[in-house]
Amino acid sequence: MKNPRFKGMKYVLICLILFLLVLSVSFCFPKGKEDQSMILKTIYQTLYFLHPQPVQIDDAFSQKVYKKYFENLDPQKNYFLQSDIEAFSYYRNRLDEAFINGDLTFFNQIIERLYEKTLQVEDLYKQLLSRPFDFGLDEVIDFDEDKRSYAKDLQSWKEQLRKYFKYLTIIEMDTPEVAKKNIVTSQSVLRAKRWAVSKEREKEKEPSVLTKKNFARLEKEARRRVEENMSEYLRRFKMREKLDCFSLYVNTITTQYDPHTNYFSPKEKENFDLNISGQLEGIGAQLQDKRGYATVVKLIVGGPAWKSKKLEVGDKIIKVAQSNAKESKNIIGMLLDNSIRLIRGKKGTKVRLTIQKKDGTMQKITLVRDLIEQEEVFAKSVIISDKGKGKYGLIYLPEFYFNPNNKGARNAATDIRQQLEILKKENIQGLIFDLRNNGGGSLEAVVDITGLFVGEGPVVQVKSSDKKKEILKYKGSKAIWEGPLIILVNELSASASEILAAAIEDYKRGLVLGARHTFGKGTVQTFYPLDRFVYPGKELGVLKFTTSKFYRINGSSTQLKGVNADVIIPSRYTYIKSGEKDQDNPLPWDSISAVPYEIWKSPVDIEKIKAKSNARIKVDRNVQLLDEIAQISEQREKEKSISLNWEKFKAEKKRRENQNKKYNHFKNYSNGLLISSPSAEIHLLKQDSLFQESKKEWYKSLTKDLYIEEAVRILRDIRQNDV
């Protein structure tokens, strides 16, 4: 069935029709019925009308969903047999109708079968790990998705799992903590006898030899750890709620439209909001699931837990009660996400915790929740001194953060403006804006931030398939920073990062330095609450779906192609498939007409500066070495087979270690730059020792950053105008 389109319809009219259709669906399902069917229907209708490039819902669509869902549920093909796949072949050409009608028969049957297979795996792994593996056999395990297939029968399935558990065991045998605990080598025996010889000389002269007895101990300990890990993995798996599996099923369907159209369950949307805002309301403790216990692994400085001095790293939270609840809820064995949701809550509310201290004693504590900020999400800056030759500023922006539920909350645009004002007071002579690994975020924020560098004018164009293009402009009148500017990017700089980098290039406002091209995500998404018209107040989750594409002011899309850097320095991802074009079902590249804009009036010739930098990089030995390392990464990415023979496994490890010696050069590398904090931060450094430590680590990484070195060289060229 092909989706018709209503070209030229106004967005409001489409929403009205959608409202009527969704409303009619609600009459078919009285309250108390399965919500998941409603969710599926609403998603279909939403995408039917509002996706800019809908797919054809037919048998071909059904076959893709059928195949992909099995792959998503069982990527290593360790659970399902070929007979399982064929047993559900009835649905291979019927999932299109199931999507349209909200029919979840296939989903429910598959989940039931998966849980059955999980119980079978549980029996098998204990059996297969009960006796030693023979690591003298010359066999391999292949993780090439194109070569791996579902087992044909029970015997081949058992053999496939045997090799998989053997692989997990050999990996454990090679971990330092297992080896250190279980290996007594001939080297250590010799060292004990030759007490007069220094340990360092002995280490250099005597080879380490693994005896047969010690190998057996090592192998046994490794199998024990694999069995523990599998037991814990299956415990968590069996506790997963059906809604978690449902999200995976729905997203198998939605990603047939494009990679960024996804369904979020209420829990997933909550986590997304926390990540994109960098803020949460809770007690300020990071938890980890350790054998079924919600265990404290970190306290956020300044948070309620840290201030109370009653909760420590290593404590286990046993029970949770809200301030108005008479009884506490036992959370032992509960999925960690569910435990965290109980502990979080609105600022100012109380939560009662029963905790088990590290010494085994039990305590009850009450904490008042507060707003917790995750500093690693927010923009930060430093001063870079070029050994007296120049003084520059650097701003690092991890993401274009904003709070979807509170427009007045902290956001990237406001923080960047503040950082620029701080750096201007330091009298910097140039600015480096680091967007490496920044996956995007708020469209509004990136428009405002771009305006801080280019002033009044267009920043980006947005257009859907049936709407006129919209030109987004900076609302201010003047740039905050008018000095020399370098934008740092890599292959993981995406979406909003690409908008900013593209605008800087098009205005010739500065230079883009880094990867050959950025990620290549040129699409815009919006969130649609699925309970908007149906069952108000009920948690049905949200649909994040693509509504349009954005285009550079020169008319070109960044979709698939990304933004090409002016000055290219390779990275570890240079030759590895990691962009939008390597995703499933990306929207195509296209272009629209350009909009009028004025090139930035610069006192220097950007093209000459760029040429000088490229000439310098071409003969830079460090850059050449980085490119060699990138090629090694590409080669390893292609290596899908791993030997399960101990001697060959160790030989392969040795080969990789020899290759890794190229990295040793960068352990001692220093760009010679001096990094310091802006004056505005000095008082914070004095007050907070943990804040000081985190800054020191960041500063150290900057002095070993090749990209920063070249960025400073470019800024020096611009400052001296020596071209």
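Residues numbered from 1 in each chain as written. Predicted model: local features only at pLDDT ≥ 70, side-chain atom pairs only at ≥ 80, totals over all residues. Heavy atoms only, no water.

Novice: Looking at this model, I keep getting lost on the nonpolar core. Mind explaining?
Specialist: In a soluble, globular protein the nonpolar side chains are often hidden away together inside. If you look at the biggest cluster of nonpolar residues, it comprises 69 residues, and the most contacted ones within it are Ile43, Phe70, Phe99, Phe106 and Tyr249. Counting residues per element, this core draws most heavily on helix H6 (residues 105-128), which supplies 9 residues. Contacts of phenylalanine 70, omitting those with residues within four sequence positions, involve Phe80, Ile85, Phe88, Phe106, Ile110 and Tyr150. Ranked by size, the runner-up nonpolar core spans 48 residues in total, among them Phe378, Tyr474, Ala501 and Val563. (Core = buried A, V, L, I, M, F, W, Y, C linked by side-chain atoms within 4.5 Å. Buried < 20%, exposed > 50% of the residue type's maximum accessible area, 1.4 Å probe, protein only. Helix = DSSP H or I, 4+ residues; strand = E, 2+ residues; numbered from the N terminus. Contact = heavy atoms within 4.5 Å.)

Novice: What should I look at first to understand the side chain of glutamine 461 in this one?
Specialist: Along the polypeptide, glutamine 461 turns up in strand S14 (residues 457-463). Looking at glutamine 461, the relative accessible area reads 0%, which means it is buried. Within the structure, the side chain of glutamine 461 is placed 3.0 Å from the side chain of lysine 469, a separation counted as a polar contact. Here the side chain of glutamine 461 touches serine 593 through a polar contact of 3.3 Å, landing on its backbone oxygen. (Polar contact = N/O pair within 3.5 Å; in protein donor to acceptor, adjacent residues only side chain to side chain.)

Novice: Which parts of the structure should I look at to understand helix H3 (residues 59-73)?
Specialist: Every α-helical turn comprises 3.6 residues, leaving residues that sit three or four positions apart pointing alike. Helix length check: H3, at 15 residues, gives a terminal C-alpha distance of 21 Å against a target of 21 Å (1.5 Å per residue), a fit within 8%. Listed in full, the buried residues belonging to H3 are Phe61, Ser62, Val65, Tyr66, Tyr69, Phe70 and Leu73. Buried residues of H3, viewed axially, fall in a sector of 160°; they line one side. (Expected span 1.5 Å × (residues − 1). Arc of directions from axis to C-beta.)

Novice: Sorry if this is basic, but what is going on with the pattern of salt bridges here?
Specialist: The final tally for this structure, using the stated rule, is 55 salt bridges. Of the charged contacts in the structure, one is a salt bridge between arginine 225 and glutamate 172, with a shortest N-O distance of 2.9 Å. In this pair, arginine 225 is assigned in helix H11 (residues 212-239) and glutamate 172 in helix H7 (residues 154-173), connecting sequence segments 53 residues apart. The exposure class of glutamate 172 is buried, given its relative accessible area of 13%. (Salt bridge = Lys/Arg side-chain N within 4 Å of Asp/Glu carboxyl O.)

Novice: Where do I start with the confidence of the model for the protein chain in this structure?
Specialist: When pLDDT is low, close inspection of the predicted coordinates is not appropriate. Averaged over all residues, the pLDDT of the protein chain is 87; the fraction at 70 or higher stands at 88%. Scored below 50 in pLDDT, residues 1-33 shows 55 contacts in the model against residues more than four places distant or in partner chains. (pLDDT = per-residue confidence, 0-100.)

Novice: Teacher, can you tell me more about the environment of isoleucine 449 here?
Specialist: One can find isoleucine 449 in helix H17 (residues 443-454). On the basis of relative accessibility, which here comes to 0%, the residue isoleucine 449 falls in the buried class. Taking C-alpha positions, isoleucine 449 is 9.4 Å from phenylalanine 400, a pair spaced 49 residues apart along the chain. The contacts of isoleucine 449, once residues within four sequence positions are left out, are Leu397, Phe400, Ala412, Ala413, Ile416, Phe433 and Leu500.

Novice: Looking at this structure, how should I read the sheet that holds strand S12 (residues 391-396)?
Specialist: Hydrogen bonds between backbone atoms are what pair the strands of a sheet, whose relative direction is either parallel or antiparallel. Read from one edge to the other, the open sheet built from 7 strands follows the order S20-S17-S16-S13-S12-S11-S22, with strand pairing classed as mixed. The open sheet has two free edges, formed respectively by strand S20 (567-568) and strand S22 (674-676), since each of these has just one partner strand. Relative to S22, strand S11 (residues 380-385) runs antiparallel, the two sharing 3 bridges. Each residue of the ladder has a partner; that of serine 385, found in S22, is leucine 674. Packing against the sheet, helix H18 (residues 496-506) makes contact with strand S13 (431-434), strand S16 (485-489) and strand S17 (511-514), and its axis sits at approximately 140° to S16. (Pairing = 2+ DSSP bridges. Axes fitted to C-alpha atoms, helices over the stretch in contact; angles between N-to-C directions.)

Novice: Sorry if this is basic, but what is going on with the pairing of strand S5 (residues 293-299) here?
Specialist: Each regular strand carries side chains that alternate between the two faces of the sheet. Pairing geometry for strand S4 (residues 285-290) and S5, over 6 bridges, is antiparallel. When the sheet's bridge partners are listed, alanine 285 is paired in S5 with leucine 299. The loop that links S4 with its antiparallel partner S5 comprises 2 residues; one of these, arginine 291, has a positive phi angle of about 55°. Examined bridge by bridge, S5 and strand S6 (residues 316-322) share 2 bridges and lie antiparallel to one another. The residue bridging threonine 295 from the neighbouring strand is lysine 316, located in S6.

Novice: Explanation requested: the packing of aromatic side chains in the structure shown.
Specialist: The geometry of an aromatic ring pair is captured by two quantities: the separation of the ring centres and the angle between the planes. Enumeration over the complete set of coordinates arrives at 37 aromatic pairs. Seen from their ring centres, phenylalanine 88 and phenylalanine 106 are 6.4 Å apart, and the 85° between their planes marks the pair as edge-to-face. Within this pair, whereas phenylalanine 88 is found in the loop between helix H4 (82-87) and helix H5 (95-101), its partner phenylalanine 106 is found in helix H6, the two being separated by 18 residues in sequence. Each member of the pair, phenylalanine 88 as well as phenylalanine 106, carries the same accessibility label: buried. Look at tyrosine 91 and phenylalanine 106: their rings are 5.4 Å apart centre to centre, the planes differ by 55°, and that puts the pair in the tilted class. (Phe/Tyr/Trp six-rings, centres within 6.5 Å; stacked < 30°, edge-to-face > 60°.)

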